[in-house]
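The residues making up each chain are set out below.
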Amino acid sequence: MSLPLITLRDLHFSYAGGLEVLKGVSFDLHPGERVALTGSNGAGKSTLLRLINGLEKPDQGQIEAFGSLRQQEKDFREVRVRAGLVFQDPDDQLFCPTVAEDLAFGPLNLGKSHQEVMDIVGRTLSLLHLEDLAHRITHKLSGGQKRLVALATVMALEPDVLLLDEPTNDLDRETKQRLIAILTELPLAMVIVSHNHHFLNRVATRQVELSEGRLFEAAEEKATVLEI
Ligand SMILES: Nc1ncnc2c1ncn2[C@@H]1O[C@H](COP(=O)(O)OP(=O)(O)OP(=O)(O)O)[C@@H](O)[C@H]1O
(Lines give C-alpha, C1' and ligand atoms only; values in the text may rest on other atoms or scores of the structure.)
Protein backbone atom coordinates (compact mmCIF):
# COMPACT_ATOMS: atom_id res chain seq x y z
CA MET A 1 0.00 0.00 0.00
CA SER A 2 1.19 3.56 -0.72
CA LEU A 3 2.60 5.89 1.92
CA PRO A 4 0.02 7.37 4.31
CA LEU A 5 -1.29 10.88 3.64
CA ILE A 6 -1.75 11.45 7.35
CA THR A 7 -0.09 9.75 10.30
CA LEU A 8 -0.95 10.40 13.94
CA ARG A 9 1.47 9.08 16.52
CA ASP A 10 0.52 8.68 20.15
CA LEU A 11 -1.59 11.86 20.35
CA HIS A 12 -2.65 13.09 23.75
CA PHE A 13 -5.02 16.01 24.11
CA SER A 14 -7.01 17.81 26.83
CA TYR A 15 -9.07 20.98 26.56
CA ALA A 16 -7.91 23.67 28.99
CA GLY A 17 -8.96 22.66 32.46
CA GLY A 18 -10.75 19.55 31.19
CA LEU A 19 -10.17 15.84 31.31
CA GLU A 20 -7.84 14.15 28.86
CA VAL A 21 -9.95 13.52 25.71
CA LEU A 22 -7.30 11.61 23.73
CA LYS A 23 -4.94 9.29 25.60
CA GLY A 24 -2.48 8.08 22.98
CA VAL A 25 -4.14 7.90 19.55
CA SER A 26 -2.21 6.53 16.58
CA PHE A 27 -3.66 6.31 13.08
CA ASP A 28 -2.65 6.17 9.40
CA LEU A 29 -4.82 7.40 6.54
CA HIS A 30 -3.81 5.99 3.16
CA PRO A 31 -4.76 7.31 -0.29
CA GLY A 32 -8.22 6.15 -1.33
CA GLU A 33 -9.31 5.00 2.13
CA ARG A 34 -12.66 6.14 3.44
CA VAL A 35 -12.43 5.64 7.18
CA ALA A 36 -15.50 5.65 9.41
CA LEU A 37 -14.63 7.20 12.79
CA THR A 38 -17.21 6.11 15.33
CA GLY A 39 -17.58 6.39 19.10
CA SER A 40 -20.12 7.52 21.65
CA ASN A 41 -21.11 11.16 22.27
CA GLY A 42 -18.18 13.06 23.70
CA ALA A 43 -15.66 10.34 22.77
CA GLY A 44 -13.48 12.93 21.02
CA LYS A 45 -14.25 12.35 17.32
CA SER A 46 -14.67 16.03 16.37
CA THR A 47 -11.64 16.83 18.50
CA LEU A 48 -9.55 14.34 16.53
CA LEU A 49 -10.61 15.95 13.21
CA ARG A 50 -9.72 19.37 14.62
CA LEU A 51 -6.27 18.10 15.63
CA ILE A 52 -5.60 16.70 12.14
CA ASN A 53 -6.51 20.12 10.76
CA GLY A 54 -4.42 22.03 13.30
CA LEU A 55 -7.39 23.77 14.91
CA GLU A 56 -6.25 22.22 18.19
CA LYS A 57 -2.65 21.28 19.00
CA PRO A 58 -1.77 18.02 20.76
CA ASP A 59 -0.27 18.08 24.27
CA GLN A 60 1.94 15.20 23.22
CA GLY A 61 2.50 13.11 20.09
CA GLN A 62 3.14 13.84 16.41
CA ILE A 63 1.08 14.68 13.34
CA GLU A 64 2.55 14.00 9.94
CA ALA A 65 0.59 15.17 6.91
CA PHE A 66 1.48 14.97 3.22
CA GLY A 67 5.02 13.86 3.97
CA SER A 68 5.94 16.51 6.58
CA LEU A 69 5.84 16.75 10.32
CA ARG A 70 3.32 19.45 11.34
CA GLN A 71 3.87 21.22 14.65
CA GLN A 72 3.39 24.96 14.50
CA GLU A 73 0.47 27.01 13.26
CA LYS A 74 2.26 27.86 9.99
CA ASP A 75 2.75 24.12 9.26
CA PHE A 76 -1.01 23.64 9.22
CA ARG A 77 -1.91 26.26 6.57
CA GLU A 78 -1.20 23.80 3.78
CA VAL A 79 -2.87 20.99 5.73
CA ARG A 80 -6.13 22.97 6.02
CA VAL A 81 -6.30 23.34 2.25
CA ARG A 82 -5.29 19.77 1.44
CA ALA A 83 -7.33 18.13 4.22
CA GLY A 84 -10.63 19.98 4.08
CA LEU A 85 -12.73 19.85 7.24
CA VAL A 86 -16.50 20.03 6.84
CA PHE A 87 -17.76 21.15 10.24
CA GLN A 88 -20.63 19.54 12.11
CA ASP A 89 -22.48 22.88 12.01
CA PRO A 90 -22.62 24.39 8.49
CA ASP A 91 -23.16 27.86 9.98
CA ASP A 92 -19.52 27.66 11.15
CA GLN A 93 -18.46 27.31 7.52
CA LEU A 94 -20.74 29.60 5.51
CA PHE A 95 -20.47 33.35 5.80
CA CYS A 96 -20.88 34.92 2.34
CA PRO A 97 -24.13 36.41 1.02
CA THR A 98 -24.66 33.86 -1.75
CA VAL A 99 -23.75 30.23 -2.36
CA ALA A 100 -21.51 31.02 -5.36
CA GLU A 101 -19.62 33.61 -3.32
CA ASP A 102 -19.13 31.12 -0.49
CA LEU A 103 -17.64 28.62 -2.94
CA ALA A 104 -15.44 31.28 -4.57
CA PHE A 105 -14.03 32.59 -1.28
CA GLY A 106 -11.49 29.81 -0.66
CA PRO A 107 -10.01 29.56 -4.18
CA LEU A 108 -9.85 33.39 -4.47
CA ASN A 109 -7.98 33.45 -1.17
CA LEU A 110 -5.48 30.97 -2.61
CA GLY A 111 -4.72 33.50 -5.38
CA LYS A 112 -6.49 31.74 -8.25
CA SER A 113 -7.59 33.90 -11.19
CA HIS A 114 -11.18 35.06 -11.60
CA GLN A 115 -11.68 32.67 -14.54
CA GLU A 116 -10.17 29.71 -12.65
CA VAL A 117 -12.42 30.44 -9.70
CA MET A 118 -15.52 30.67 -11.91
CA ASP A 119 -14.59 27.30 -13.44
CA ILE A 120 -14.06 25.71 -10.02
CA VAL A 121 -17.36 27.07 -8.69
CA GLY A 122 -19.27 25.76 -11.73
CA ARG A 123 -17.54 22.38 -11.60
CA THR A 124 -18.10 21.93 -7.87
CA LEU A 125 -21.77 22.93 -7.96
CA SER A 126 -22.32 20.51 -10.81
CA LEU A 127 -20.45 17.67 -9.04
CA LEU A 128 -22.75 18.03 -6.02
CA HIS A 129 -25.86 18.70 -8.15
CA LEU A 130 -26.25 22.13 -6.56
CA GLU A 131 -26.35 24.31 -9.68
CA ASP A 132 -29.84 25.59 -8.80
CA LEU A 133 -28.56 27.00 -5.51
CA ALA A 134 -25.74 29.11 -7.02
CA HIS A 135 -27.42 32.48 -6.54
CA ARG A 136 -29.44 31.67 -3.44
CA ILE A 137 -28.85 33.59 -0.20
CA THR A 138 -26.82 31.20 1.92
CA HIS A 139 -28.36 31.92 5.31
CA LYS A 140 -31.86 31.30 3.93
CA LEU A 141 -31.09 27.77 2.76
CA SER A 142 -32.54 24.75 4.58
CA GLY A 143 -30.34 22.80 7.01
CA GLY A 144 -29.74 20.02 4.48
CA GLN A 145 -28.96 22.46 1.67
CA LYS A 146 -26.50 24.31 3.92
CA ARG A 147 -24.77 21.03 4.75
CA LEU A 148 -24.22 20.22 1.07
CA VAL A 149 -23.06 23.78 0.34
CA ALA A 150 -20.59 23.54 3.25
CA LEU A 151 -19.19 20.37 1.65
CA ALA A 152 -19.04 22.22 -1.69
CA THR A 153 -17.01 25.08 -0.17
CA VAL A 154 -14.44 22.53 0.97
CA MET A 155 -14.49 20.66 -2.35
CA ALA A 156 -13.85 23.99 -4.12
CA LEU A 157 -10.38 23.98 -2.53
CA GLU A 158 -9.69 20.74 -4.42
CA PRO A 159 -8.44 18.86 -1.35
CA ASP A 160 -6.66 15.49 -1.22
CA VAL A 161 -8.45 14.48 1.97
CA LEU A 162 -11.95 15.16 3.29
CA LEU A 163 -12.65 15.28 7.02
CA LEU A 164 -16.43 15.02 7.38
CA ASP A 165 -18.12 15.65 10.71
CA GLU A 166 -21.66 14.22 10.74
CA PRO A 167 -22.25 14.79 7.01
CA THR A 168 -25.74 13.24 6.97
CA ASN A 169 -27.33 15.42 9.69
CA ASP A 170 -30.42 17.21 8.28
CA LEU A 171 -30.32 15.25 5.00
CA ASP A 172 -33.46 13.52 3.76
CA ARG A 173 -33.29 9.94 2.49
CA GLU A 174 -32.90 10.89 -1.15
CA THR A 175 -30.16 13.43 -0.48
CA LYS A 176 -28.35 10.89 1.71
CA GLN A 177 -28.38 8.45 -1.21
CA ARG A 178 -27.02 11.19 -3.46
CA LEU A 179 -24.26 11.95 -0.96
CA ILE A 180 -23.34 8.24 -0.77
CA ALA A 181 -23.03 8.14 -4.58
CA ILE A 182 -20.93 11.32 -4.63
CA LEU A 183 -18.55 10.28 -1.85
CA THR A 184 -17.98 6.77 -3.15
CA GLU A 185 -17.10 8.14 -6.58
CA LEU A 186 -14.61 10.72 -5.32
CA PRO A 187 -10.98 9.56 -5.56
CA LEU A 188 -10.19 11.13 -2.18
CA ALA A 189 -9.18 9.76 1.19
CA MET A 190 -11.74 10.56 3.87
CA VAL A 191 -12.32 10.37 7.58
CA ILE A 192 -16.05 10.34 8.23
CA VAL A 193 -17.50 10.92 11.69
CA SER A 194 -21.08 9.72 11.91
CA HIS A 195 -23.57 7.91 14.11
CA ASN A 196 -25.44 6.75 10.98
CA HIS A 197 -24.26 3.15 10.57
CA HIS A 198 -26.26 2.52 7.41
CA PHE A 199 -24.50 5.45 5.75
CA LEU A 200 -21.07 4.39 7.04
CA ASN A 201 -21.59 0.81 5.87
CA ARG A 202 -22.30 2.09 2.38
CA VAL A 203 -19.41 4.56 2.19
CA ALA A 204 -16.54 3.46 4.41
CA THR A 205 -13.77 1.08 3.42
CA ARG A 206 -12.54 0.78 7.00
CA GLN A 207 -13.86 1.53 10.47
CA VAL A 208 -12.13 2.75 13.60
CA GLU A 209 -13.69 3.49 16.97
CA LEU A 210 -12.70 5.99 19.64
CA SER A 211 -13.33 4.74 23.12
CA GLU A 212 -11.98 6.03 26.42
CA GLY A 213 -9.44 8.17 24.62
CA ARG A 214 -8.03 5.40 22.47
CA LEU A 215 -8.60 4.40 18.86
CA PHE A 216 -9.48 0.81 17.98
CA GLU A 217 -9.49 -0.72 14.54
CA ALA A 218 -12.79 -2.49 13.81
CA ALA A 219 -12.14 -6.21 13.49
CA GLU A 220 -13.36 -6.56 9.94
CA GLU A 221 -12.53 -4.36 7.00
CA LYS A 222 -15.49 -3.36 4.87
CA ALA A 223 -15.50 -2.98 1.10
CA THR A 224 -12.11 -3.13 -0.58
CA VAL A 225 -9.97 -0.03 -0.46
CA LEU A 226 -10.44 2.14 -3.51
CA GLU A 227 -7.41 1.75 -5.74
CA ILE A 228 -6.12 5.00 -7.18
N1 LIG B 1 -13.98 23.76 23.12
C2 LIG B 1 -14.07 22.87 24.09
N3 LIG B 1 -13.70 23.18 25.36
C4 LIG B 1 -13.77 22.28 26.35
N5 LIG B 1 -14.21 21.02 26.20
C6 LIG B 1 -14.61 20.66 24.97
C7 LIG B 1 -14.57 21.56 23.86
N8 LIG B 1 -15.02 20.89 22.75
C9 LIG B 1 -15.34 19.66 23.17
N10 LIG B 1 -15.09 19.50 24.48
C11 LIG B 1 -15.28 18.27 25.27
O12 LIG B 1 -14.37 17.29 24.77
C13 LIG B 1 -14.99 16.01 24.73
C14 LIG B 1 -14.97 15.47 23.30
O15 LIG B 1 -15.83 16.28 22.48
P16 LIG B 1 -16.02 15.98 20.94
O17 LIG B 1 -16.93 17.06 20.41
O18 LIG B 1 -14.70 15.82 20.30
O19 LIG B 1 -16.77 14.57 20.98
P20 LIG B 1 -17.50 13.77 19.82
O21 LIG B 1 -17.03 12.37 19.89
O22 LIG B 1 -17.32 14.46 18.51
O23 LIG B 1 -19.02 13.86 20.31
P24 LIG B 1 -20.43 13.83 19.50
O25 LIG B 1 -20.63 12.46 18.94
O26 LIG B 1 -21.42 14.14 20.60
O27 LIG B 1 -20.39 14.92 18.45
C28 LIG B 1 -16.39 16.20 25.29
O29 LIG B 1 -16.37 15.87 26.66
C30 LIG B 1 -16.66 17.68 25.11
O31 LIG B 1 -17.53 18.18 26.09
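Calculation notes
Residues numbered from 1 in each chain as written. Predicted model: local features only at pLDDT ≥ 70, side-chain atom pairs only at ≥ 80, totals over all residues. Axes fitted to C-alpha atoms, helices over the stretch in contact; angles between N-to-C directions. Helix = DSSP H or I, 4+ residues; strand = E, 2+ residues; numbered from the N terminus. Parallel < 35°, antiparallel > 145°, perpendicular 65-115°, else oblique. Left-handed = near helix turned anticlockwise from the far one by under 90°. Contact = placed C-beta atoms within 7 Å. Nonpolar A, V, L, I, M, F, W, Y, C, P; charged D, E, K, R; others polar. Pairing = 2+ DSSP bridges. Buried ≥ 20, exposed ≤ 12 C-beta atoms within 10 Å, placed from the backbone. Near = placed C-beta within 6 Å. Core = buried A, V, L, I, M, F, W, Y, C linked by C-beta atoms within 7 Å. Expected span 1.5 Å × (residues − 1). Arc of directions from axis to C-beta.

If you check an unreviewed UniProt entry, the protein appears there as ABC transporter ATP-binding protein from Kiloniella laminariae.

A. Broad picture of the packing of helix α3 (residues 99-109) against helix α5 (residues 143-155). Two elements in contact, α3 and α5, have axes separated by 8 Å at closest approach and are oriented at 30°. On the basis of their axis angle, the class for α3 and α5 is roughly parallel. Handedness of the crossing formed by α3 with α5: right-handed. In contact with V99, D102, L103 and G106 of α3, α5 contributes V149, A152 and T153. Taken together, the residues of the contact of α3 with α5 sort by class into four nonpolar, two polar and one charged.

B. Representation of the sheet that holds strand β8 (residues 189-193). Taken in spatial order, the six strands of this open sheet run β6-β7-β8-β3-β9-β10, and their pairing is mixed. Strands at the two margins of the open sheet, each flanked by one partner only, are β6 (83-86) and β10 (214-217). Recorded for the sheet is a direction-independent mean angle of 20° between the axes of neighbouring strands.

C. Structural context of the pairing of β6. Residues A83 and L85 of β6 are buried on one face, and the alternating residues G84 and V86, pointing to the opposite face, are buried as well. Two strands pair when backbone bridges link them, and β6 and strand β7 (residues 161-165) are joined in this way by four bridges, in the parallel orientation. Within the sheet, the bridge partner assigned to L85 lies in β7 and is L163.

D. Up close: the site of the ligand. Inspection of the region around the ligand gives Y15, G18, V21, G39, N41, G42, A43, G44, K45, S46 and T47 as its neighbouring residues. Sort the elements by how many residues they give to the shell around the ligand and helix α1 (residues 45-52) lands first, with three residues. A per-class count over the shell around the ligand returns three nonpolar, seven polar and one charged.

E. Representation of the sheet that holds strand β5 (residues 68-70) within the structure. Read from one edge of the open sheet, four strands run β2-β1-β4-β5, paired in antiparallel fashion. Of all strands in the sheet, those with a lone pairing partner are β2 (20-29) and β5, marking the two edges. Averaged over neighbouring strand pairs, the angle between their axes works out to 25° when direction is ignored. As paired strands, strand β4 (residues 60-65) and β5 are joined by three bridges and run antiparallel to one another. If you follow A65 over to β5, its bridge partner there is S68.

F. Molecular detail of the nonpolar core. If you look at the biggest cluster of nonpolar residues, it comprises 62 residues, and the most contacted ones within it are V86, V161, L163, M190 and I192. Among all residues touching V86, those that are not within four sequence positions of it are Q93, A150, L151, V154, L162, L163, L164, D165 and P167.

G. Highlighting helix α4 (residues 114-127). For α4, with 14 residues, the first-to-last C-alpha span of 20 Å sits near the 20 Å given by 1.5 Å per residue. Within the span of α4, buried status applies to V117, I120, V121, T124 and L125. The buried side chains of α4 occupy one side of the element, clustering within an arc of 125° when seen end-on. Of the exposed residues in α4, those oriented more than 90 degrees away from the buried face are Q115 and S126. Elements that come into contact with the buried residues of α4 comprise α3 and α5. Just beyond α4, the residue with positive phi is H129, at close to 55°.

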